[in-house]
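A look at the structure
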Amino acid sequence: MPYSLSGVGHNGFEKADLHIHTKCSDGVFTPEEIVEKAKKTGLKAISITDHDSVLGIDKAKPLASEYGIELINGVEMSSTYQGHDIHILGYFFDYKNSALKSYLDHCKQLRTERAERMVGKLAEMGVKIEIEQIILKAQNGSVGRPHIAAVLQDGGFVKSFSEAFSKYLGSHSPAYVKSIETPPAEVIRLINEAAGLSFLAHPGQNVPDEILRHLINFGLDGIEIIHPSHDTYKENYYREIANEYFLLFSGGSDYHGLKDQEKDLFGQITIPYEWVTKMKSRIVTV
(Lines give C-alpha, C1' and ligand atoms only; values in the text may rest on other atoms or scores of the structure.)
Protein backbone atom coordinates (compact mmCIF):
# COMPACT_ATOMS: atom_id res chain seq x y z
CA MET A 1 0.00 0.00 0.00
CA PRO A 2 1.45 3.41 -0.90
CA TYR A 3 2.13 5.77 1.99
CA SER A 4 -0.44 8.20 0.64
CA LEU A 5 -3.29 5.80 1.42
CA SER A 6 -2.30 5.09 5.01
CA GLY A 7 -4.69 5.82 7.85
CA VAL A 8 -3.82 8.19 10.67
CA GLY A 9 -1.17 6.63 12.87
CA HIS A 10 -2.08 3.03 12.05
CA ASN A 11 0.98 1.88 10.11
CA GLY A 12 3.57 2.33 12.80
CA PHE A 13 5.27 5.43 11.41
CA GLU A 14 4.99 9.10 12.20
CA LYS A 15 3.64 11.24 9.40
CA ALA A 16 4.20 14.58 7.73
CA ASP A 17 2.50 16.69 5.06
CA LEU A 18 4.91 19.00 3.27
CA HIS A 19 2.58 20.60 0.72
CA ILE A 20 -0.14 22.80 2.24
CA HIS A 21 -1.63 26.15 1.16
CA THR A 22 -3.25 28.78 3.36
CA LYS A 23 -5.06 32.09 2.96
CA CYS A 24 -1.61 33.67 2.47
CA SER A 25 -1.86 32.38 -1.10
CA ASP A 26 -4.82 30.45 -2.52
CA GLY A 27 -5.92 28.25 0.38
CA VAL A 28 -9.18 28.55 2.30
CA PHE A 29 -7.83 28.27 5.86
CA THR A 30 -5.56 30.52 7.91
CA PRO A 31 -2.11 29.22 8.92
CA GLU A 32 -3.39 28.86 12.49
CA GLU A 33 -6.38 26.78 11.32
CA ILE A 34 -4.00 24.51 9.38
CA VAL A 35 -1.98 23.89 12.56
CA GLU A 36 -5.24 23.02 14.39
CA LYS A 37 -6.09 20.53 11.63
CA ALA A 38 -2.59 19.04 11.83
CA LYS A 39 -3.04 18.49 15.56
CA LYS A 40 -6.44 16.83 15.07
CA THR A 41 -5.09 14.45 12.42
CA GLY A 42 -1.95 13.56 14.37
CA LEU A 43 0.69 14.92 11.99
CA LYS A 44 4.20 15.16 13.44
CA ALA A 45 5.42 17.74 10.91
CA ILE A 46 3.91 20.10 8.34
CA SER A 47 5.16 22.64 5.85
CA ILE A 48 3.06 25.58 4.71
CA THR A 49 4.04 26.02 1.06
CA ASP A 50 2.13 29.06 -0.14
CA HIS A 51 2.70 30.26 -3.69
CA ASP A 52 5.64 32.69 -3.79
CA SER A 53 4.92 33.73 -0.20
CA VAL A 54 6.33 32.99 3.27
CA LEU A 55 3.84 35.15 5.18
CA GLY A 56 2.15 32.10 6.76
CA ILE A 57 5.27 30.90 8.58
CA ASP A 58 5.29 33.52 11.37
CA LYS A 59 1.52 33.20 11.75
CA ALA A 60 1.67 29.41 12.22
CA LYS A 61 4.79 29.26 14.39
CA PRO A 62 3.44 30.06 17.90
CA LEU A 63 0.59 27.52 17.72
CA ALA A 64 2.76 24.81 16.11
CA SER A 65 5.29 25.31 18.90
CA GLU A 66 2.54 25.10 21.53
CA TYR A 67 1.21 21.83 20.06
CA GLY A 68 4.64 20.30 19.52
CA ILE A 69 4.14 20.11 15.75
CA GLU A 70 7.28 20.59 13.70
CA LEU A 71 6.77 23.48 11.28
CA ILE A 72 9.21 23.27 8.38
CA ASN A 73 9.82 26.53 6.53
CA GLY A 74 8.28 26.09 3.09
CA VAL A 75 7.29 27.83 -0.13
CA GLU A 76 6.07 26.84 -3.61
CA MET A 77 7.86 29.01 -6.16
CA SER A 78 6.70 29.56 -9.72
CA SER A 79 9.03 29.33 -12.70
CA THR A 80 8.89 28.74 -16.45
CA TYR A 81 11.12 26.55 -18.59
CA GLN A 82 10.78 25.72 -22.30
CA GLY A 83 7.12 26.74 -22.25
CA HIS A 84 6.24 24.71 -19.14
CA ASP A 85 5.12 26.09 -15.77
CA ILE A 86 7.52 24.52 -13.28
CA HIS A 87 6.80 24.70 -9.54
CA ILE A 88 9.70 24.35 -7.14
CA LEU A 89 9.10 23.59 -3.46
CA GLY A 90 11.65 25.05 -1.04
CA TYR A 91 12.18 23.64 2.47
CA PHE A 92 14.29 24.43 5.55
CA PHE A 93 15.54 27.74 4.09
CA ASP A 94 16.12 30.94 6.04
CA TYR A 95 12.83 32.70 5.24
CA LYS A 96 14.29 36.01 6.39
CA ASN A 97 17.12 35.83 3.85
CA SER A 98 17.21 39.28 2.22
CA ALA A 99 17.68 38.12 -1.41
CA LEU A 100 14.83 35.62 -1.11
CA LYS A 101 12.57 38.15 0.63
CA SER A 102 13.09 40.84 -2.00
CA TYR A 103 12.50 38.28 -4.78
CA LEU A 104 9.21 37.15 -3.16
CA ASP A 105 8.11 40.80 -2.80
CA HIS A 106 8.79 41.18 -6.52
CA CYS A 107 6.69 38.03 -7.19
CA LYS A 108 3.77 39.50 -5.26
CA GLN A 109 3.81 42.49 -7.61
CA LEU A 110 4.12 40.24 -10.69
CA ARG A 111 1.16 38.15 -9.53
CA THR A 112 -1.03 41.24 -9.13
CA GLU A 113 -0.01 42.47 -12.60
CA ARG A 114 -0.82 39.03 -14.04
CA ALA A 115 -4.29 39.15 -12.44
CA GLU A 116 -4.84 42.65 -13.93
CA ARG A 117 -4.02 41.32 -17.40
CA MET A 118 -6.42 38.40 -16.91
CA VAL A 119 -9.15 40.82 -15.80
CA GLY A 120 -8.52 42.76 -19.04
CA LYS A 121 -8.86 39.60 -21.14
CA LEU A 122 -12.08 38.65 -19.32
CA ALA A 123 -13.48 42.16 -19.96
CA GLU A 124 -12.84 41.71 -23.70
CA MET A 125 -15.02 38.60 -23.47
CA GLY A 126 -17.80 40.56 -21.79
CA VAL A 127 -17.00 39.18 -18.32
CA LYS A 128 -16.51 42.26 -16.18
CA ILE A 129 -14.91 41.91 -12.74
CA GLU A 130 -12.67 44.31 -10.80
CA ILE A 131 -9.05 43.74 -9.74
CA GLU A 132 -9.98 45.20 -6.31
CA GLN A 133 -12.37 42.28 -5.73
CA ILE A 134 -9.55 39.82 -6.45
CA ILE A 135 -7.07 41.56 -4.14
CA LEU A 136 -9.76 41.54 -1.43
CA LYS A 137 -10.20 37.77 -1.90
CA ALA A 138 -6.43 37.31 -1.52
CA GLN A 139 -6.54 39.19 1.81
CA ASN A 140 -3.30 41.00 0.97
CA GLY A 141 -1.59 37.65 0.31
CA SER A 142 -0.27 36.16 -2.90
CA VAL A 143 -2.83 36.69 -5.71
CA GLY A 144 -3.60 33.61 -7.81
CA ARG A 145 -6.08 32.21 -10.31
CA PRO A 146 -8.26 30.64 -7.56
CA HIS A 147 -8.98 34.18 -6.29
CA ILE A 148 -10.13 35.18 -9.79
CA ALA A 149 -12.23 31.99 -9.95
CA ALA A 150 -13.86 32.88 -6.62
CA VAL A 151 -14.79 36.36 -7.90
CA LEU A 152 -16.21 34.82 -11.12
CA GLN A 153 -18.29 32.47 -9.00
CA ASP A 154 -19.49 35.31 -6.73
CA GLY A 155 -20.52 37.27 -9.84
CA GLY A 156 -22.53 34.36 -11.21
CA PHE A 157 -20.33 33.99 -14.30
CA VAL A 158 -19.55 30.36 -13.40
CA LYS A 159 -21.08 27.77 -11.10
CA SER A 160 -17.84 26.27 -9.78
CA PHE A 161 -14.06 26.63 -9.56
CA SER A 162 -13.61 23.85 -12.12
CA GLU A 163 -15.89 25.66 -14.59
CA ALA A 164 -13.93 28.90 -14.06
CA PHE A 165 -10.71 27.10 -14.97
CA SER A 166 -12.06 25.10 -17.92
CA LYS A 167 -13.93 28.08 -19.39
CA TYR A 168 -11.61 31.02 -18.66
CA LEU A 169 -8.52 30.48 -16.50
CA GLY A 170 -6.89 27.14 -17.38
CA SER A 171 -3.59 27.11 -19.26
CA HIS A 172 -5.37 26.51 -22.60
CA SER A 173 -8.28 28.86 -21.86
CA PRO A 174 -8.85 32.32 -23.40
CA ALA A 175 -8.17 34.53 -20.35
CA TYR A 176 -5.00 32.70 -19.31
CA VAL A 177 -1.81 34.70 -18.82
CA LYS A 178 1.51 32.96 -18.15
CA SER A 179 2.76 32.78 -14.60
CA ILE A 180 6.06 34.12 -13.29
CA GLU A 181 8.68 33.48 -15.96
CA THR A 182 11.76 33.19 -13.74
CA PRO A 183 13.96 30.28 -14.91
CA PRO A 184 13.91 27.32 -12.47
CA ALA A 185 17.72 27.40 -12.19
CA GLU A 186 17.38 30.88 -10.64
CA VAL A 187 14.71 29.70 -8.18
CA ILE A 188 16.85 26.70 -7.16
CA ARG A 189 19.83 29.05 -6.65
CA LEU A 190 17.79 31.42 -4.44
CA ILE A 191 16.62 28.53 -2.23
CA ASN A 192 20.13 27.09 -2.08
CA GLU A 193 21.67 30.45 -1.12
CA ALA A 194 19.09 30.77 1.67
CA ALA A 195 20.43 27.41 2.98
CA GLY A 196 17.35 25.47 1.85
CA LEU A 197 16.50 22.37 -0.17
CA SER A 198 14.67 22.49 -3.53
CA PHE A 199 12.17 19.89 -4.76
CA LEU A 200 10.23 19.58 -8.00
CA ALA A 201 6.49 19.77 -7.24
CA HIS A 202 4.02 17.25 -8.79
CA PRO A 203 6.19 16.23 -11.78
CA GLY A 204 3.50 13.84 -13.00
CA GLN A 205 1.21 16.75 -13.86
CA ASN A 206 3.23 18.74 -16.32
CA VAL A 207 6.94 17.93 -16.47
CA PRO A 208 8.34 15.86 -19.36
CA ASP A 209 11.24 13.56 -18.45
CA GLU A 210 13.71 15.52 -20.55
CA ILE A 211 12.95 18.70 -18.61
CA LEU A 212 13.15 16.79 -15.31
CA ARG A 213 16.73 15.74 -16.24
CA HIS A 214 17.60 19.40 -16.93
CA LEU A 215 16.19 20.44 -13.54
CA ILE A 216 18.29 17.77 -11.84
CA ASN A 217 21.35 19.21 -13.58
CA PHE A 218 20.39 22.67 -12.24
CA GLY A 219 20.90 21.31 -8.71
CA LEU A 220 17.50 20.05 -7.59
CA ASP A 221 17.70 18.30 -4.19
CA GLY A 222 14.62 16.13 -4.52
CA ILE A 223 11.33 15.18 -6.15
CA GLU A 224 7.79 15.31 -4.77
CA ILE A 225 6.85 11.62 -4.93
CA ILE A 226 3.55 11.64 -3.05
CA HIS A 227 0.90 13.96 -4.49
CA PRO A 228 -2.88 13.62 -5.08
CA SER A 229 -2.28 13.59 -8.85
CA HIS A 230 0.22 10.70 -8.62
CA ASP A 231 -1.12 7.16 -8.70
CA THR A 232 0.96 4.23 -7.43
CA TYR A 233 2.64 3.83 -10.82
CA LYS A 234 3.80 7.48 -10.84
CA GLU A 235 4.92 7.30 -7.21
CA ASN A 236 7.11 4.31 -8.01
CA TYR A 237 8.32 5.85 -11.28
CA TYR A 238 9.53 9.09 -9.64
CA ARG A 239 10.94 7.18 -6.67
CA GLU A 240 13.14 5.23 -9.11
CA ILE A 241 14.34 8.43 -10.81
CA ALA A 242 15.09 10.01 -7.42
CA ASN A 243 17.07 6.93 -6.38
CA GLU A 244 18.97 6.90 -9.68
CA TYR A 245 20.20 10.47 -9.07
CA PHE A 246 20.55 10.18 -5.26
CA LEU A 247 17.74 12.70 -4.75
CA LEU A 248 15.53 13.12 -1.70
CA PHE A 249 11.81 12.24 -1.55
CA SER A 250 9.06 14.62 -0.48
CA GLY A 251 5.29 14.77 -0.71
CA GLY A 252 2.02 15.99 0.64
CA SER A 253 -1.62 16.72 0.03
CA ASP A 254 -1.30 20.01 -1.91
CA TYR A 255 -4.17 20.97 0.38
CA HIS A 256 -6.18 24.11 -0.41
CA GLY A 257 -9.43 23.30 1.40
CA LEU A 258 -11.50 24.26 -1.63
CA LYS A 259 -15.24 23.77 -1.30
CA ASP A 260 -15.47 21.89 -4.62
CA GLN A 261 -14.21 18.84 -2.77
CA GLU A 262 -17.04 17.74 -0.52
CA LYS A 263 -14.92 15.55 1.74
CA ASP A 264 -12.03 17.08 3.65
CA LEU A 265 -9.08 14.76 3.13
CA PHE A 266 -6.62 16.71 5.27
CA GLY A 267 -4.21 14.36 7.03
CA GLN A 268 -4.83 11.45 4.63
CA ILE A 269 -2.16 12.10 2.00
CA THR A 270 1.09 12.01 3.93
CA ILE A 271 4.72 10.92 3.89
CA PRO A 272 6.62 8.98 6.55
CA TYR A 273 8.53 11.26 8.91
CA GLU A 274 11.75 9.40 8.09
CA TRP A 275 11.77 11.29 4.74
CA VAL A 276 11.99 14.52 6.76
CA THR A 277 14.90 13.07 8.76
CA LYS A 278 16.72 12.28 5.51
CA MET A 279 16.14 15.84 4.29
CA LYS A 280 17.65 17.23 7.49
CA SER A 281 20.76 15.09 7.06
CA ARG A 282 21.30 16.72 3.64
CA ILE A 283 21.19 20.30 4.92
CA VAL A 284 24.60 21.96 4.91
CA THR A 285 25.20 23.82 8.15
CA VAL A 286 27.81 26.55 8.14
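Structure's up top.
Residues numbered from 1 in each chain as written. Predicted model: local features only at pLDDT ≥ 70, side-chain atom pairs only at ≥ 80, totals over all residues. Heavy atoms only, no water.

Remarks on the overall build of the chain
Put simply, the rule is: Helix and strand assignments follow DSSP, with helices taken as H or I runs no shorter than four residues and strands as E runs no shorter than two, numbered in order from the N terminus. Atoms counted for the radius of gyration: C-alpha only. Globule rule: 2.2 Å times the number of residues to the power 0.38. When a residue's accessible area, from a 1.4 Å probe over protein chains only, is under 20% of the maximum for its type it is buried; when over 50% it is exposed; and in between it is partly exposed. Contacts: residue pairs with any heavy atoms within 4.5 Å of one another. Exposure was quantified through the Shrake-Rupley algorithm and a 1.4 Å probe, taking into account, for residues, occlusion by the shown protein chains and nothing else. The positive count covers Lys and Arg only, the negative count covers Asp and Glu only, and His and the chain ends enter neither. For charged residues, the charge sits on one atom: NZ in Lys, CZ in Arg, CG in Asp, CD in Glu.
Secondary structure assignment for the chain yields 11 helices and 9 strands. A compact globule built from 286 residues would reach a C-alpha radius of gyration of about 19 Å, and the chain, at 18 Å, matches this within 12%. Taken along its principal axes, the extent of the C-alpha atoms in the chain is 55 × 40 × 40 Å. By residue count, 54% of the 286 residues in the chain fall in the buried class. Counting only contacts in the chain whose residues sit at least 6 apart along the sequence, the fraction spanning at least 24 positions is 71%. Counting every atom, the chain has about 13100 Å² of accessible surface; 51% of that belongs to carbon and sulfur. The centroid of the 30 positive side-chain charges in the chain is displaced by 2 Å from the centroid of its 38 negative side-chain charges.

Considerations on the sheet that holds strand β1 (residues 15–20)
This is how the line gets drawn: The criterion for strand pairing is that DSSP finds at least two bridges linking the strands in question. Only the stretch in contact is used when fitting a helix axis, every axis being a line fitted to C-alpha atoms; angles between N-to-C directions are given from 0 to 180 degrees.
The 4 strands are arranged β3-β2-β1-β9 in an open sheet whose pairing can be described as mixed. Looking at strand neighbours, the two that pair on one side only are β3 (70–72) and β9 (271–272), the edges of this open sheet. As paired elements, β1 and β9 share 2 bridges and run antiparallel to each other. Across the sheet, residue Ala16 finds its bridge partner in β9, namely Ile271. Its contacts with the sheet put helix α1 (residues 31–40) on β1 and β2 (45–48), and the angle it makes with β2 is roughly 160 degrees.

Focus: the side chain of Lys15
The following threshold applies: By salt bridge we mean one thing: a side-chain nitrogen of Lys or Arg within 4 Å of a carboxyl oxygen of Asp or Glu. Counting of polar contacts relies on pairs of N or O atoms within 3.5 Å, with two restrictions inside protein: one atom must be capable of donating a hydrogen and the other of accepting it, and residues adjacent in sequence are counted only when both atoms are side-chain atoms.
Relative to the helices and strands, Lys15 resides in strand β1. Here Lys15 is buried and forms no salt bridge, its nearest opposite-charge partner Asp17 lying at an N-O distance of 9.1 Å. Polar contacts involving the side chain of Lys15 include one to the main-chain carbonyl oxygen of Gly267, which spans 3.5 Å.

So, the sheet that holds strand β7 (residues 222–226)
Strands sit in the order β4-β5-β6-β7-β8 across an open sheet of 5 strands; the sheet is mixed. One side of each edge strand has no neighbouring strand; the edge strands of this open sheet are β4 (74–81) and β8 (248–251). Within the sheet, the average angular offset between the axes of one strand and its neighbour, ignoring direction, is 40 degrees. Direction of pairing for strand β5 (residues 84–91) relative to strand β6 (residues 197–200): antiparallel, over a ladder of 4 bridges. Residue Gly90 lies in a different strand from β6, and its bridge partner there is Ser198. Each of β5, β6, β7 and β8 touches helix α11 (residues 273–282); the most contacted strand, β8, lies at about 130 degrees to it.

Points about the pairing of β7
Cut-off, in case you're wondering: For crossovers, right-handed means that the path from the first strand over the helix to the second runs clockwise, given strands pointing away from the viewer.
The buried fraction of β7 amounts to 5 of the 5 residues, a majority that puts the element mostly inside the structure. The pairing of β6 with β7 spans 2 bridges and is parallel. The residue of β7 that forms the bridge with Phe199 is Gly222. With 4 bridges joining them, β7 and β8 adopt parallel strand pairing. Paired with Gly222 across the strands is Leu248, a residue of β8. For the crossover from β7 across helix α10 (residues 232–244) to β8, the handedness is right-handed.

None of the figures reported here should be taken as evidence of function without further support.
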